[in-house]
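Chain by chain, the residues run as shown.
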Amino acid sequence: MISKLLTRLKRAAPSLTGQQQSRLDHIKPKISTSSSARLATDRIVVVDVETSGLSLADDHLIAIGAIGIHGGRIALADSFDLLLRQQVASDKANILVHGIGGTAQRNGLPPEEALLAFLEFLDGAPLLAFHSAFDETMLRKACKKFLGFDFRHAWADLACLLPELFPQHAKKCHALDDWLARFAIHNDERHNALADAIATAQLGLMALRGAQMKGLESFTALQDMEKAQRWLSAARY
Amino acid sequence: MSAALIQHLPFFTKHAPFDRMQREHLLWMLQRLQLAYYAKGEVIASPKQGAANRFFVIKQGLVRGSRLAKVPQDAVLELHEGECFPVGALLAHRAVTSEYRADEDAFCFELSAPHFLELIELSVVFKDFCTRRIAALFEQSTQAMQAQLSQTSSEQQPLSSTLASIIRSAPVTCLPDTTIRCALQTMQDAHLGSMIVADAAKRPLGIFTLRDLLQRVTLAGLSLELPISGVMSSQPVSLPPTALAYEAAMVMAREGFRHVLVTEADGTLRGIVSERDLFSLQRVGLRQLSTSLRQAGSVAELIALSRDIRELTLNMMAQGVAAEQITQLISTLNDLLSSRIIELECMNAGLQQPGSCQTEICWLALGSEGRLEQTFYTDQDNGIIFSVAQGETADTMRQRLLPLARRINEALDRCGFPLCKGNIMASNPQWCLSREEWQKTFSNWIDHGSPEDLLNASIFFDFRSLYGNATFAAALRTWLNKKVSTTPRFLHQMAANALRNRPPLGLVRDFVVDQQHTLDIKLNGTTPFVDAARILGLASGSSATGTVQRLRDIAKAQHNNNVAEIEGWIEAFHFLQTLRLLHQYECSRRGDDMNNQINPGRLNDLNRRILKEAFRQSRKMQSRLAMEYNL
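Scanning chain A for helices and strands turns up 11 helices and five strands. Of all 237 residues assigned to chain A, the portion counted as buried reaches 41%. In chain A, the proportion of contacts linking residues at least 24 apart, taken out of those at least 6 apart, comes to 71%.

Structural data, given as structure tokens:
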């Protein structure tokens with residue numbers, strides 16, 4: 001029975017080339033759920049993913065966009081934008097959302113390569129996203145499937161932090177688009193992973209500035225604020 | 001190449017100077033850019049931070065720079081999306097002189113100082129922008145205006161424009177049963193050479209021209225009470241509005257017509273295009289025009305030529321000739337026209353003995369005409385200096401000259417120079433004076449300096465001899481410069497007066513505008529430059545009357561001390577004049593009355609930026625004036 005299970009696991013395990021495996025081994029030590037990043041000086045990466053749908057269980061990753069914030073400033077050159085090659089292109093309704101056509105999906109990078117490149121780009125920096133649970137789950141699922149790696153990392157969620165830092169807008173702003181509109185941040189290419197990441201990063205700059213004005217100095221403090229906010233809103237209902 | 005850089009390209013290709021930079025230089029810059037956020041009220045750069053260490057381009061939001069100066073409203077500067085700062089401080093490795101704050105939440109692209117300096121070495125366009133600022137922007141704007149205007153200029157692409165773009169105004173028509181007399185009256189009233197006969201639905205049935213009048217009516221001995229339909233040419237040739245001027249020219253050449261009708265697809269009349277519309281520019285050349293002006297035999301001829309002057313100068317504008325040249329050209333042609341009018345009227349007045357007008361009087365051009373800065377629309381400002389002949393008094397001379405001056409003023413009016421509302425004209429006994437009387441008048445103004453005296457001085461002290469004995473004007477100028485230099489209080493008063501007219505830069509928004517959202521580009525724009533140049537020019541002993549020449553004389557007198565600063569003022573003045581001419585040009589194209597009211601909100605981004613920069617130059621010039629006179 002146990003051996004049966006083991007064989008199944010073995011069969012499901014991804015087949016990385018030796019080189020890929022050594023790249024993964026090299027980057028693994030930097031991945032950690034706790035971050036020592038200082039908000040005023042260190043690098044934080046803002047990420048946005050495009051997927052075949054909104055179901056955490058059934059849908060899969062199509063594109064990753066990310067950009068680095070260094071000491072409170074977005075560095076334009078420090079960006080990441082890759083498509084993952086798909087066996088089967090996602091359905092038409094989904095293509096209409098992100099605009100990544102079937103051919104482009106089939107022409108993307110092999111998923112192992114794309115994910116390794118992302119982890120290398122990340123270089124251990126903590127992650128910031130809007131509704132980060134979604135991006136985190138999608139990335140974790142993909143890393144598990146294609147790299148056999150459990151990608152557990154330090155995340156903070158702007159969807160949670162923004163209402164806390166800008167309570168005057170909290171009632172009216174829920175979705176990413178609400179906040180972008182609120183602060184007049186233009187994004188001509190909504191649902192392009194990188195464009196969304198850049199727009200999100202602009203919200204990130206505002207949040208980081210707001211957090212620092214409240215005396216927060218570290219990424220951990222940011223995560224603590226998020227936890228408190230989650231607890232409070234759970235208690236409120 | 002990072003995709004994030006490509007995503008920001010469209011922003012930069014929308015704003016000067018980045019829109020003209022080579023793509024590789026732009027990408028080089030993007031590679032090194034950071035994007036920062038500044039919350040409302042936050043300081044972005046301050047004199048207290050030491051040497052400037054970043055170059056900022058505003059991505060979104062509003063930034064306010066304030067000089068830590070005494071007079072608050074004089075020291076504010078608003079910067080909008082696409083604008084950059086600081087430039088001077090980075091070039092000079094010094095601290096900024098203004099404090100820059102986010103006036104609302106702002107995102108700025110930032111380039112570090114070393115990268116900024118590297119980029120200057122890399123990109124000539126960027127260097128030009130940073131070191132020549134307003135001059136470089138102005139050049140770019142002029143080119144843009146030329147590009148825009150050349151599409152409407154009939155010379156550069158004479159025959160490739162559509163008929164729709166050539167038609168000037170709505171056509172005058174009459175119904176087929178209108179009497180010939182009635183039609184002729186309408187033509188007379190509207191100064192038309194032809195009349196279109198159309199049915200009630202405005203579908204053209206025929207055309208009747210003045211040439212038809214001779215052959216078909218007068219020589220045929222027809223009654224003027226007959227309907228026009230009997231003498232018109234029926235079934236006139238018509239083309240659609242989308243047809244090209246080329247096609248109309250072909251039709252005219254082939255059929256020998258002078259007019260082609262322009263009709264919509266449903267047969268209704270849109271307008272009429274005449275041979276003159278198509279070939280107007282080619283017919284009137286500058287040399288030919290000036291010869292005609294010199295040889296014109298009557299005021300009636302000159303009236304016709306004055307239209308050619310306007311047409312020619314408007315066309316020059318359309319070809320992008322610079323404001324300085326256009327205003328000089330207008331003034332030169334107007335000088336010729338005025339001189340010929342004076343000559344003809346002197347002859348009519350019986351002052352035929354050779355040269356009596358030339359030796360006894362000097363006709364003065366005042367105000368903008370005196371400065372050689374006339375625009376398309378200028379009313380007349382003039383006066384006479386006469387010498388008192390043996391056995392005459394100033395009063396008897398004046399009584400003799402006033403009727404003549406009146407006729408000249410009226411003739412000028414008919415040639416498109418409206419009579420001066422303030423009656424500053426040679427036909428006013430106050431301004432038809434002997435040399436001694438002028439000196440007495442000027443002395444009074446200089447010694448008393450009442451508000452009215454100062455206003456008069458600002459018009460009269462730009463005097464220039466236009467016709468007659470020029471030595472009278474030269475002598476008066478020499479006397480005036482000496483008088484002014486011995487009465488320092490006068491220029492001080494003039495300066496205080498000039499400083500009351502502040503450039504319309506707003507505290508709250510970009511510009512101070514009136515309820516119609518416009519500002520007066522003459523009063524608020526060029527006048528502060530003209531006033532300051534007059535005062536500084538008089539102070540430096542310059543005998544020039546033109547604003548630019550005065551400024552150049554000042555620069556010379558100061559031994560290159562402020563040459564760069566003064567060049568900035570000159571550029572700004574040229575820009576404001578260009579904007580004013582362009583505005584008048586557009587009024588005329590629309591068939592509206594010409595005025596000086598422009599709406600900054602309707603300008604394109606580039607021109608709005610330069611306008612702001614020009615007003616800043618105006619402010620600098622006023623600060624200089626205030627400093628010179630301790631105001």
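What follows continues from the structure just given.
Facing the 18 residues of chain B at the interface are 18 residues of chain A. Elements represented by at least two residues in the side of chain B that touches chain A include exactly α1 (3-12), α2 (23-31), β1 (34-38) and β8 (106-112) of chain B. Top element by residues in the side of chain B that touches chain A is α1 of chain B. It accounts for five residues. Looking at side-chain class alone, the side of chain B that touches chain A contains 10 nonpolar, six polar and two charged residues. Where strand β3 (residues 73-83) of chain A and β1 of chain B come together, three bridges link them in antiparallel fashion. The residue of β1 of chain B that forms the bridge with Ile74 of chain A is Leu35 of chain B.

Moving on: the sheet that holds β8 of chain B. The strand order across the open sheet formed by nine strands is β5(A)-β4(A)-β1(A)-β2(A)-β3(A)-β1(B)-β8(B)-β3(B)-β6(B), and the pairing between neighbours is mixed. Looking at which strands have only one partner, the edges of the open sheet turn out to be β5 (155-157) of chain A together with β6 (84-85) of chain B. Of the pairings in the sheet, the one linking strand β2 (residues 61-70) of chain A to β3 of chain A comprises seven bridges and is antiparallel in character. Each bridged residue has a counterpart across the sheet, and for Ala63 of chain A the counterpart in β3 of chain A is Leu83 of chain A.

Residues and elements named next belong to chain B. A cis amide bond, omega 0°, links Ala16 with the succeeding residue Pro17. Inspection of the secondary structure puts Pro17 in the loop between α1 and α2. With an omega of -25°, the peptide bond running from Phe85 to Pro86 counts as cis. Looking at where Pro86 falls in the secondary structure, it is placed in the loop between β6 and α3 (88-91). The backbone phi angle of Lys202 is positive, close to 65°, even though this residue is not glycine. Along the chain, Lys202 falls in the loop between β10 (194-198) and β11 (204-209). Although it is not a glycine, Gln235 sits at a positive phi angle of roughly 50°.

A few words now on the packing of helix α7 (residues 158-165) of chain A against helix α10 (residues 193-213) of chain A. Residues and elements named next belong to chain A. As a packed pair, α7 and α10 sit with axes 10 Å apart at the nearest point and diverge in direction by 45°. By the angle between their directions, the pair α7 and α10 is classed as oblique. In this structure, the crossing between α7 and α10 has a hand that is left-handed. Where α7 approaches α10, its residues Leu158, Leu161, Leu162 and Leu165 are matched on the opposing element by Thr200, Leu203, Gly204, Ala207, Gly210 and Ala211.

Looking now at the sheet that holds strand β13 (residues 238-239) of chain B. Pairing between the strands of a sheet is mediated by backbone hydrogen bonds and can be parallel or antiparallel. Residue and element names in this part refer to chain B. In space, the three strands of this open sheet follow the order β13-β14-β15, with mixed pairing throughout. The open sheet terminates on both sides in strands that have one partner only, identified here as β13 and β15 (269-274). Sheet topology note: the β13/strand β14 (residues 259-263) ladder contains two bridges and is parallel. Looking at β14, one finds that Ser238 is bridged to Leu261.

Summarising burial for β3 of chain A: eight of the 11 residues are buried, a large majority. From the end of β2 of chain A to the start of β3 of chain A, which pair antiparallel, there are two residues, and Gly71 of chain A there has a positive phi angle of about 50°.

Once that is clear, we can look at helix α21 (residues 521-539) of chain B. All names here are of chain B. Over its 19 residues, α21 extends 26 Å from the first C-alpha to the last, a length consistent with the 27 Å expected when each residue adds 1.5 Å. Considering bend angle alone, the principal kink of α21 is centred on Thr527 and spans about 45°; proline Pro528 follows within four residues of it. Within α21, 16 of the 19 residues are buried, which leaves the element mostly enclosed by the surrounding structure. Positioned one or two residues after α21, Gly541 has a phi angle of 80°, which is positive.

Cut-off values and rules
Residues numbered from 1 in each chain as written. Chains lettered and ligands numbered in written order. Predicted model: local features only at pLDDT ≥ 70, side-chain atom pairs only at ≥ 80, totals over all residues. Helix = DSSP H or I, 4+ residues; strand = E, 2+ residues; numbered from the N terminus. Buried ≥ 20, exposed ≤ 12 C-beta atoms within 10 Å, placed from the backbone. Contact = placed C-beta atoms within 7 Å. Nonpolar A, V, L, I, M, F, W, Y, C, P; charged D, E, K, R; others polar. Pairing = 2+ DSSP bridges. Axes fitted to C-alpha atoms, helices over the stretch in contact; angles between N-to-C directions. Parallel < 35°, antiparallel > 145°, perpendicular 65-115°, else oblique. Left-handed = near helix turned anticlockwise from the far one by under 90°. Expected span 1.5 Å × (residues − 1). Bend = angle between axes of the 7 residues up to and from the residue.

Read these as spatial facts, not as claims about activity.
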